[in-house]
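Working through the structure, step by step
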Amino acid sequence: MSETPANTLQYRFDGPEGAPVLVLAPSLGTTWHMWDRQVPELARHWRVLRFDLPGHGGAPARPLGSVGDLTDRLLATLDGLGIERFGFAGCSIGGAVGADLALRHPGRLAALALVGTSARFGTAEAWRQRGDTVRTSGLDPIARSAPEAWFTPAFLAAQPAIVEWAVQMVRTTDPLCYIAACQALAAFDIRDDLGRTASAALVLVGAEDQVAPPADARVLVAGIHDARLAVVPAASHLAPVEQPAAVTDLLVRHFTTAWQSAPTPVAGTAQAGPAGPRTPAPAGPPAPAPAGPQAPVPSGPFAAAAPVGLQEPEPAGPFAAPEQTPAAGPSPVPQPAAEPTVTPPSAAAPAPAQGASPFAAPASAASAASIPPSVPAPSVPAPAVAGHLPADAGDNPYATPAGPNPYAAPATAPAADADAHATGVRVRREVLGEEGRGDPDPEGFRAEYDDFVTRVAWGGPWARPGLDRRTRFLVTLTALTAGGHLDELARYLRAALRDGVPADEIKETFLHASLYCGMPTANAAFAVAERVVAEEGGEPGKPVESGPEA
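Remember, predicted model here, so these are calculated numbers, not experimental data.

The number of helices and strands found in the protein is 17 helices and nine strands. Put simply, the protein has 550 residues, and 51% of those count as buried.

Glancing now at the nonpolar core. Of all hydrophobic cores here, the largest spans 103 residues; its most connected members are Phe-86, Phe-88 and Phe-151. Within the second largest apolar cluster, 26 residues are counted, among which are Leu-480, Leu-489, Ala-503 and Phe-510.

Our focus in this paragraph is the pairing of strand β2 (residues 21-25). In terms of burial, β2 is a largely internal element, five of the five residues being buried. Going residue by residue along β2, you find Val-21, Val-23 and Ala-25 tucked away on one face and Leu-22 and Leu-24 tucked away on the opposite face as well. Two strands pair when backbone bridges link them, and β2 and strand β3 (residues 47-51) are joined in this way by four bridges, in the parallel orientation. Among the inter-strand pairings, Leu-24 is bridged to a residue of β3, identified as Arg-50.

Before going further, it helps to spend a moment on unusual backbone geometry. The phi dihedral of Ser-92 is positive, around 60°, even though this residue is not glycine. Here Ser-92 is to be found in the loop between β4 (86-91) and α3 (93-104). When its relative accessible area of 0% is taken as the criterion, Ser-92 is described as buried. You will see that Ala-234, though not glycine, has its phi angle at about 55°, which is positive. By secondary structure assignment, the location of Ala-234 is in the loop between β7 (227-232) and α10 (239-242). Overall, the relative accessible area of 41% leaves Ala-234 in the partly exposed class.

Between two aromatic rings, the relevant description is the distance of the centres plus the angle of the planes. For the structure on display, the rule yields 12 aromatic pairs. With 5.5 Å between their ring centres and 70° between their planes, Trp-462 and Phe-473 make a pair best called edge-to-face. Here Trp-462, found in the loop between α13 (447-458) and α14 (469-483), pairs with Phe-473, found in helix α14; they are 11 residues apart in sequence, far enough to count as distant. Residue class for Trp-462 comes out buried when judged on its relative accessible area of 13%. The class of Phe-473 is buried, set by a relative accessible area of 0%.

Turning next to helix α4 (residues 124-137). For α4, with 14 residues, the first-to-last C-alpha span of 20 Å sits near the 20 Å given by 1.5 Å per residue. Residue Gly-138 follows α4 closely and has a positive phi angle near 80°.

Attention shifts here to the packing of helix α16 (residues 503-517) against helix α17 (residues 519-535). Axis separation between α16 and α17 bottoms out at 8 Å; the angle between their running directions is 165°. Our classification of the angle between α16 and α17 gives roughly antiparallel. Every pair of crossing elements has a handedness; the one defined by α16 and α17 is right-handed. Two secondary-structure elements touch here, α16 through Ala-503, Lys-507, Phe-510, Leu-511, Ser-514 and Cys-517 and α17 through Met-519, Thr-521, Ala-522, Ala-525, Phe-526, Ala-529 and Val-533. A per-class count over the contact of α16 with α17 returns 10 nonpolar, two polar and one charged.

Let us look at empty space enclosed by the protein. Enumeration according to the criterion identifies five cavities of 30 Å³ or more in this entry. By volume, the second largest cavity is sized at about 60 Å³. In this structure, the second largest cavity is lined by 12 residues; those nearest its centre are Thr-8, Leu-9, Pro-54, Pro-60 and Arg-62. For the lining of the second largest cavity, the residue count by class is six nonpolar, three polar and three charged.

Once that is clear, we can look at the packing of α4 against helix α5 (residues 140-150). Interhelical geometry of α4 versus α5 gives an angle of 130° and a closest axis separation of 8 Å. What the angle tells us is that α4 and α5 run oblique. Contacts between α4 and α5 involve Arg-130, Thr-133, Val-134 and Ser-137 from the first element and Asp-140, Pro-141 and Ile-142 from the second. Counted by class, the contact of α4 with α5 contains three nonpolar, two polar and two charged residues.

Calculation notes
Residues numbered from 1 in each chain as written. Predicted model: local features only at pLDDT ≥ 70, side-chain atom pairs only at ≥ 80, totals over all residues. Heavy atoms only, no water. Helix = DSSP H or I, 4+ residues; strand = E, 2+ residues; numbered from the N terminus. Buried < 20%, exposed > 50% of the residue type's maximum accessible area, 1.4 Å probe, protein only. Core = buried A, V, L, I, M, F, W, Y, C linked by side-chain atoms within 4.5 Å. Pairing = 2+ DSSP bridges. Phe/Tyr/Trp six-rings, centres within 6.5 Å; stacked < 30°, edge-to-face > 60°. Expected span 1.5 Å × (residues − 1). Axes fitted to C-alpha atoms, helices over the stretch in contact; angles between N-to-C directions. Parallel < 35°, antiparallel > 145°, perpendicular 65-115°, else oblique. Left-handed = near helix turned anticlockwise from the far one by under 90°. Contact = heavy atoms within 4.5 Å. Nonpolar A, V, L, I, M, F, W, Y, C, P; charged D, E, K, R; others polar. 1 Å grid on protein atoms, 1.4 Å probe; cavity = no way out; pocket = protein on both sides within 12 Å on 5 of 7 lines; lining within 4 Å. Points joined across faces, edges and corners; volume = space filled by probe spheres on them.

Everything listed here is a matter of geometry and, on its own, says nothing about what the molecule does.
Listed below in structure tokens is the structure:
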């Protein structure tokens, strides 16, 4: 095998050739296997590229100079493959790379997801102390403390095999590369630059993350022009490992709705990745044990990794979910299949010999995962934003459909109404979160009214680009305050906080409303807000100093 070029990264591909490319970036101390549980579903819709940080997972030990240096190495790798535009999801330092891409190379991003990410991770001094610890004592102290920073106490108690996987993964990282990454994170601070970030972003955080806590995530959402917040319950820093199903669902929904059409791909794409000598690396963590009765867990949770830098399938670690049939070929905006088809994993294949590696697994512990060929399919157009307006609306965007019943949908809804309804459903779910995910009963007493609200309200003003989401929340809170609709006010307050609207801005909104709506009205709104803010965990939107373990 040829040596990996010094300015590129070790990577692997999953998913159908020709599909839009989605890059997954790891956290410090982990390998690309932290995304194992997301890949089967993501690879049905995208060509998934995962990479290892320098000195991680057996990658060549070429220390970083900065987060920007890591970004540049990733772009050099993608340029060598002829990949111009791509989606990106990164965890922790991987998320820092995503933010750097959005600031310095926004034209390369089709959509962005930041997982367990902060505009500044902890303090520079804490990172320097961490580097000093590795210089004097090696990585063992860091490895032993990593699980407590990455997972919740309940998960640690229930999943000892994954805890051991995490410890061994950190122990086998190159110390100099780890120290260099600590120095890179010490210098990383984009708090003053967030306003220049225009890429459509999902900011995803574990509810119990102490490394990049929800308050830090809300700072990102408040600063990024087009961002939404998703807080994953019962998860800490490595949410993709701890809550794989929830994270996968959020990523699929985000990338299928936020993906921006890509320009023509660069001609002459090369498909083979840079390869080079590597040491055996730990495979993905074992699958979390389900609750209730279950089959015995095979011994030896660490499956061996295949040679790196090539796109041939590697033996899957026990953590990897069964391979699924990939979705149809590329589309400007990939669409998830309604009924996923799952194919059984292929016959077991023996793992390569590992010698004395602590990650060596019995030959039967790894199975070879195959990726079926892709099947071309027609593109699905993105739904129109404001197609619900009637033909005779003229210059009045608030005109209602003609007819004796303004809430009744036409007997045969035109394509524009169907598009507006689809848009309305999506926006309602984005704004209201879990409260907005249940669809109204199409046969119920208020079915026509629910359809009207979905098309005209959620598919109309809420979906228009003239105001950003945060401003619309504040306008809505003011209107609900003026009208005295306190139950609805609590509902939208909760949604606004979860979407990243800072509590301080909500407080200023109610203070200003008191001048025009009256003191008693504002007093009632403040009472509701105090209760909701307390229920949501204190003072969202304010940075929290925390010890680093990115």
